[in-house]
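# Inside the fold
Each chain is listed here by its residues.
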Amino acid sequence: MSSTLAVPATGRAPLPSARLPLGGLLALAAVVFTGVVTEILPAGLLPQMSADLGISDSQVGALVAVYAIATAVTAIPLTALTRALPRRTLLVSLVLGFALVNAVTALAPSYAVILVARVIGGMLAGLLWAMAAGYAMRMVAPERAGRALSIAMVGTPLAFAFGLPIATALGSALGWREAFGAMAVLSLGLALWAALALPSFPGERAGERPSLLAVLRMPGLAIVLAATGAFVLAHNVAYTYIAPLTRESGLSAHLDVALLVFGVLAVGGVLTAGALVDRHLRGMVVIAAILLGVAMLAIGLWGGNPVVVFLAIGLWGFAYGGAPTLFQSAPARIAGSSADVAQSMVVATWNGSIAIGAFLGGVALDAAGVWLLPWLTITLLALAAGLALSSRAAFARVH
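Residues numbered from 1 in each chain as written. Predicted model: local features only at pLDDT ≥ 70, side-chain atom pairs only at ≥ 80, totals over all residues. Heavy atoms only, no water.

Let us look at the overall build of the protein. The helix and strand tally for the protein stands at 16 helices and zero strands. Here the protein holds 399 residues, and the buried ones make up 54% of them. The contacts in the protein between residues at least 6 apart in sequence include a share of 84% that link residues at least 24 apart. Total accessible area on the protein is roughly 15,700 Å²; 72% of this is exposed by carbon and sulfur atoms. (Helix = DSSP H or I, 4+ residues; strand = E, 2+ residues; numbered from the N terminus. Buried < 20%, exposed > 50% of the residue type's maximum accessible area, 1.4 Å probe, protein only. Contact = heavy atoms within 4.5 Å. Areas by Shrake-Rupley, 256 points an atom, 1.4 Å probe, with all protein chains shown as cover.)

A grouping of L297, L301, W302, W371 and W375 is seen on the molecular surface, where their side chains present a nonpolar patch of about 540 Å² in accessible area. Looking at the nonpolar patch, the element that brings in the most residues is helix α12 (residues 255-302), giving three residues. In this fold, W375 is placed in helix α16 (residues 372-390). (Patch = residues over 30% accessible without salt bridge, like charges linked within 9 Å, V, L, I, M, F, W, Y side chains within 5 Å. Salt bridge = Lys/Arg side-chain N within 4 Å of Asp/Glu carboxyl O.)

All right, on to the domain arrangement of the protein then. Interface size is often expressed as the accessible area that is lost when the parts come together. Segmentation of the protein into domains returns domain 1 (22-197) and domain 2 (212-390). Between the C-alpha centres of domain 1 and domain 2 there is a distance of 21 Å. Contacts between domain 1 and domain 2 engage 31 residues on the former and 26 residues on the latter. Where domain 1 abuts domain 2, roughly 2,400 Å² becomes buried across the two surfaces, and 69% of that area is made up of carbon and sulfur atoms. Considering only the side of domain 1, the residues that lose the most area to domain 2 are I76, R83 and P157, jointly responsible for 19% of the buried surface there. In this assembly, domain 1 and domain 2 are joined by one salt bridge. Among the ionic pairs, D340 bridges to R87, the shortest N-O distance being 2.6 Å. The interface formed by domain 1 and domain 2 contains three residue pairs in polar contact (both at pLDDT 80 or more). Secondary structure elements with two or more residues in the side of domain 1 that touches domain 2: α3 (57-81), α5 (111-138), α6 (145-153) and α7 (155-174). Grouping the constituent residues of the side of domain 1 that touches domain 2 by class yields 19 nonpolar, six polar and six charged. (Domains from an automatic or database assignment. Buried area = accessible area lost by both parts, 1.4 Å probe. Polar contact = N/O pair within 3.5 Å; in protein donor to acceptor, adjacent residues only side chain to side chain. Nonpolar A, V, L, I, M, F, W, Y, C, P; charged D, E, K, R; others polar.)

If you check α7, its first and last C-alpha atoms are just 25 Å apart, much less than what 20 residues at 1.5 Å a residue would give, namely 28 Å. Taking the largest bend as the criterion, α7 deviates by roughly 40°, centred on G163, and proline P165 comes between one and four positions later. Considered for burial, the residues of α7 that qualify are G155, T156, P157, A159, A161, G163, L164, A167, T168 and G171. Looking at the buried side of α7, the elements it contacts are α1 (22-44), α2 (46-53), α6, α8 (176-197) and α12. (Expected span 1.5 Å × (residues − 1). Bend = angle between axes of the 7 residues up to and from the residue.)

Structurally, T228 can be placed in helix α10 (residues 221-239). Taking relative accessible area as the criterion, T228 reaches 0% and is therefore assigned buried. For T228, the contacting residues outside a window of four places in its chain are F327, V346, T349 and W350.

What follows is the structure in structure tokens.
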């Protein structure tokens with residue numbers, strides 16, 4: 001148990017810390033980092049896996065898709081089924097599950113076994129994403145909840161900026177199986193760290209658990225989910241096709257550098273959101289939509305200028321980096337003790353929007369060409385901002 005948390009006389013749960021319990025929050029960030037790298041690792045190891053298993057590139061790509069789909073489909077029911085379980089025990093079990101999934105992948109004799117492992121991994125991830133935000137916010141006093149969440153969520157941009165390139169380099173040097181094996185070993189170490197660093201929170205009591213429909217009907221939650229869906233849709237309509245978006249400027253030949261800048265500035269976006277979200281949540285959501293819209297406007301108008309496009313990608317990363325903090329803070333405030341259930345709805349919305357965004361962007365690309373993508377993105381961002389401004393209950397500040 002974290003030494004910064006006091007245990008009340010009832011022994012049921014630690015009191016929120018007046019200070020940030022960095023040990024526990026960094027453990028959560030490391031767990032999030034591992035979960036994201038596990039999800040996207042096949043994309044970085046595509047050539048090696050394809051050649052060794054004798055499968056097509058699209059089949060390797062499907063390993064990422066089925067993981068995301070499993071997360072979207074199972075997050076809500078699995079979170080509902082596990083509401084009564086002690087939170088630390090469940091979270092540590094999920095990390096051990098990641099270790100097992102990665103180990104099975106490393107040792108799998110066939111593509112079919114890997115596919116099953118990936119489905120299970122996606123199910124574990126859905127529970128993890130539903131839990132992580134609420135866990136971080138329960139560790140501190142309400143006025144520090146957003147900052148705590150931003151520290152826990154920094155694992156996501158770090159995974160994209162550094163985790164995937166490092167794991168990919170390891171796979172190229174030693175082999176794709178060794179890369180998954182390393183992730184399994186890392187997950188085991190993280191399970192121990194989480195068990196030692198995280199406070200123990202009880203699950204919800206049977207008489208205190210509102211139904212899923214009752215949670216969804218909480219004032220403002222439906223608006224939060226709609227705004228989340230619009231924002232994530234907007235991002236993925238463009239991000240999925242960032243290579244063709246940057247082709248005219250010539251940056252597609254140096255996309256690795258551009259994506260590194262995206263990831264580094266996304267970390268800055270997370271930290272900025274964490275510093276401001278507790279008092280300016282609604283404003284931060286609107287500002288994030290505006291900044292991402294400005295980036296898309298620049299690409300739409302000056303897509304052939306490499307300097308403009310490079311700067312736009314950096315602004316894009318900064319704007320999007322804080323999105324997980326912003327859109328996960330809101331439902332946690334609304335739902336209170338049922339925050340994990342509300343977060344599971346965000347997880348389902350988020351992952352579903354990733355898939356729909358990729359599909360919608362592909363339809364637009366085929367129908368009209370790459371020029372349409374920035375303008376479609378701007379339209380969706382305007383919808384997200386409008387939804388955020390439409391409801392005081394959805395993105396209320398901490399009092």
